[in-house]
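Structure assessment
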Amino acid sequence: MNWPEHMFIGALFGIILAFLLGLPILEAALIIAMASISALAPDIDHDSSKIRKIANITVPIAALGFSFAATCSEGFMCTLDDLRSVVVLGLAITGLYMIIITFCKPKHRGITHTIFAALIFAVFIYIFSDLNFALAGFAGYSSHLIADKHIKLI
Ligand SMILES: [Zn+2]
C-alpha cells in the first residue's frame, strides 16, 4: 500500500477518534491531520518512502521550532543567549534523527511495524504535546499496521 492510501486510512481513523472524543471542529481538524501524518510514520524505515522525504525537511524545521518554543517561552522574547541555545538544541535533535535513521535503520517492516512502536510513538507525542494528539498518533500509526495487514505486538 502506498502513502496516499495510508494517509487516507489514517485520516479515517482520525475522524472516528475526533468523533469519539467529541472535539470542536478546529481541534478535530488538527487531530485528523495528526492521524493521517502518523499513518506514514511506520515507513520511516524505507529509504524512498514519502515520510522520509517529509521528515528530512520537517525534522530540522520542527526541531528548531520546538527548541524556540522550549527556550523562548516568555512571550517569544529571545535574548541572544537564548537564540544560541535554540540553534544548538535544534541541531542536536536533527543530528540525532540523522544518526538514528542512517546507522540504526531498522529493516523494512521490522520494529517500526509493531504495536510496540505505535505505543512508543504515542508516548513520544504525549511528552511533546497532549493526550488527544498522542491518541491521534496512536490511531494513525496503528491504521498503517492494519492496512499493511502486518500487526505484530513486538
Ligand atoms: Zn508499511
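One can find the structure itself at the top, above this paragraph.
Below, the structure is looked at part by part.

**Describing the coordination of the zinc ion**
Within the first shell, the zinc ion binds the protein through Asp43 (OD), His113 (NE2), His144 (NE2) and Asp148 (OD), at distances of 2.2 to 2.5 Å. Bound by four donor atoms, the zinc ion shows angles of 85 to 175° at the metal and therefore irregular coordination geometry. Along the chain, the residues donating to the zinc ion are arranged with the sequence spacing D-x69-H-x30-H-x3-D. Of this pair, Asp43 sits in the loop between helix 2 (25–38) and helix 3 (50–71) while His144 sits in helix 6 (residues 131–148), and the two are 101 residues apart along the sequence. You can call Asp43 buried: its relative accessible area is 15%. A residue is classified by how much of its surface remains accessible, and His144, at 0% relative accessible area, is buried.

**Some points on the packing of aromatic side chains**
Going through the model one piece at a time under the given rule, you end up with three aromatic pairs. Between Phe121 and Tyr141, the ring centres sit 5.0 Å apart and the planes meet at 45°, which makes this aromatic pair tilted. With Phe121 in helix 5 (residues 115–128) and Tyr141 in helix 6, the pair connects residues that are 20 residues apart, well separated along the chain. Through a chain of ring-to-ring contacts, the aromatic side chains of Phe66, Phe124 and Phe128 assemble into a single cluster.

The rules we used
- Residues numbered from 1 in each chain as written.
- Predicted model: local features only at pLDDT ≥ 70, side-chain atom pairs only at ≥ 80, totals over all residues.
- Heavy atoms only, no water.
- Donors = N, O, S within 2.8 Å, 3.2 Å for Na, K, Ca; no water.
- Tetrahedral: all angles 85-135°; square planar, octahedral: opposite > 155°, others 65-115°.
- Helix = DSSP H or I, 4+ residues; strand = E, 2+ residues; numbered from the N terminus.
- Buried < 20%, exposed > 50% of the residue type's maximum accessible area, 1.4 Å probe, protein only.
- Phe/Tyr/Trp six-rings, centres within 6.5 Å; stacked < 30°, edge-to-face > 60°.

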